[in-house]
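Results of the structural survey
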Amino acid sequence: MSTASSWIVALDLRDRSRGALAFAGWLGAAGESVVGAYVLEPWSRPYLRGDLEADLSAAVVRATAALGCRSPDRIVTEEAETAEAGLARAAVGATGLIVGRVASHPRRALSRLGPVARRLLRQLPAPVVVVPPTLATVAAGPILLATDFGSASDEAASFAQGLAARLGRALEVVHVGEDFYEEDDEIRDPIWTRARDAYRTEVAQDIERWAAAHGLAAAPRHLRFGDPVLELADLAEARDAALVVVGSRRLGFPARLFLSSTASALAGLAACPVAVVPPRD
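Residues numbered from 1 in each chain as written. Predicted model: local features only at pLDDT ≥ 70, side-chain atom pairs only at ≥ 80, totals over all residues. Heavy atoms only, no water.

1. Quick word on the sheet that holds strand 10 (residues 274–277)
Strand order across the open sheet formed by ten strands is 3-2-1-4-5-10-9-6-7-8, with mixed pairing between neighbours. The outermost strands of the open sheet, each flanked by one partner alone, are strand 3 (74–79) and strand 8 (221–225). Neighbour to neighbour, the strand axes of the sheet diverge by 25° on average, direction disregarded. Both strand 5 (residues 128–131) and strand 10 contribute to a ladder of three bridges, which runs antiparallel. Its bridge partner lying in strand 10, valine 130 is registered against valine 274. On the sheet, helix 9 (residues 262–269) packs against strand 5, strand 9 (243–247) and strand 10 and is oriented at approximately 165° with respect to strand 9. (Pairing = 2+ DSSP bridges. Helix = DSSP H or I, 4+ residues; strand = E, 2+ residues; numbered from the N terminus. Axes fitted to C-alpha atoms, helices over the stretch in contact; angles between N-to-C directions. Contact = heavy atoms within 4.5 Å.)

Below you can see the structure in the form of structure tokens.
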């Protein structure tokens with residue numbers, strides 16, 4: 001059964017997926033089409049009996065009733081060697097793929113995302129929304145669109161604009177620039193202070209130009225300086241954000257050995273859902 005043009009929510013039915021179900025239920029209540037997807041890995045087949053989809057439907061109904069949210073419109077099953085392979089196949093052509101995150105206390109957890117979410121963020125078969133397991137209600141604030149002014153932000157901007165319009169949520173733009181040792185004594189030197197101020201003026205102009213070029217001239221802007229992951233997570237909490245949207249460069253394996261992924265790190269840390277949007281290619 002086709003799942004194109006629908007949201008796909010990964011069904012795990014453990015506590016880690018409760019937040020994903022709550023976010024999917026919020027989308028469904030807003031009129032979005034939502035399909036629940038359960039992946040059958042080879043090891044599980046001999047142990048399953050009866051009508052699996054009926055059992056899954058009943059389990060999802062119980063879980064969403066406990067959360068007080070809407071159930072997916074329908075449920076599909078995929079057989080695959082791994083959970084991420086089956087979910088990636090189900091997500092081809094979908095509006096987005098919703099997955100739960102392992103860590104409920106992200107600032108203290110060693111493994112924040114979990115292996116399935118981490119691998120899906122590497123593949124990005126569609127926009128992937130990572131949801132904290134403790135999410136019960138989507139916050140009342142805006143959708144935050146994070147941009148680095150590069151091409152990776154272009155598809156994120158389109159995705160965020162469309163979603164905000166459909167859901168009737170405000171959209172706000174944020175960019176995090178370099179802090180250039182603001183806490184260091186060296187910045188007190190007037191030469192460095194002038195250089196820093198000139199840089200920040202240039203960045204402020206850049207965000208205005210970027211917003212105008214993407215049809216977002218009327219959207220509120222936030223300009224911060226420091227660590228992008230921490231600043232975005234803090235701003236999302238301060239703004240009571242419903243969702244943070246970021247673009248991805250879709251790094252290959254060699255690049256991942258040397259470059260960190262802001263998108264993955266933020267998805268593992270933020271208290272709200274984070275949508276990671278792949279580039280057009």
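2. Details of the pairing of strand 7 (residues 171–177)
Side chains on a regular strand alternate between the two faces of the sheet. Taken across its seven residues, strand 7 has seven buried, putting it largely inside the fold. Because side chains alternate across strand 7, one face comprises the buried residues Leu171, Val173, His175 and Gly177, and the other comprises Glu172, Val174 and Val176, equally buried. Bridge count for strand 6 (residues 143–146) against strand 7 is four bridges, and the pairing is parallel. Looking at the pairing, leucine 145 lines up with valine 173 of strand 7. Pairing of strand 7 with strand 8, which is carried by five bridges, proceeds in the parallel orientation. Among the inter-strand pairings, valine 174 is bridged to a residue of strand 8, identified as histidine 222. (Buried < 20%, exposed > 50% of the residue type's maximum accessible area, 1.4 Å probe, protein only.)

3. A look at the packing of helix 7 (residues 228–238) against helix 9
Running from N to C, helix 7 and helix 9 point in directions that differ by 40°, and their axes come no closer than 9 Å. On the basis of their axis angle, the class for helix 7 and helix 9 is oblique. As helix 7 runs across helix 9, the sense of the crossing is right-handed. Taken together, the residues of helix 9 that come into contact with helix 7 (itself represented by Pro228, Val229, Leu230, Leu232 and Ala233) are Thr262, Ala265, Leu266 and Leu269. (Parallel < 35°, antiparallel > 145°, perpendicular 65-115°, else oblique. Left-handed = near helix turned anticlockwise from the far one by under 90°.)

4. Observations concerning helix 6 (residues 190–213)
Across its 24 residues, helix 6 extends 35 Å between first and last C-alpha, which sits within 8% of the 34 Å expected from 1.5 Å per residue. Among the residues making up helix 6, those that are buried are Arg196, Val203, Ile207, Trp210 and Ala211. Contacts made by the buried residues of helix 6 are with strand 6, helix 5 (152–167), strand 7 and strand 8. (Expected span 1.5 Å × (residues − 1).)

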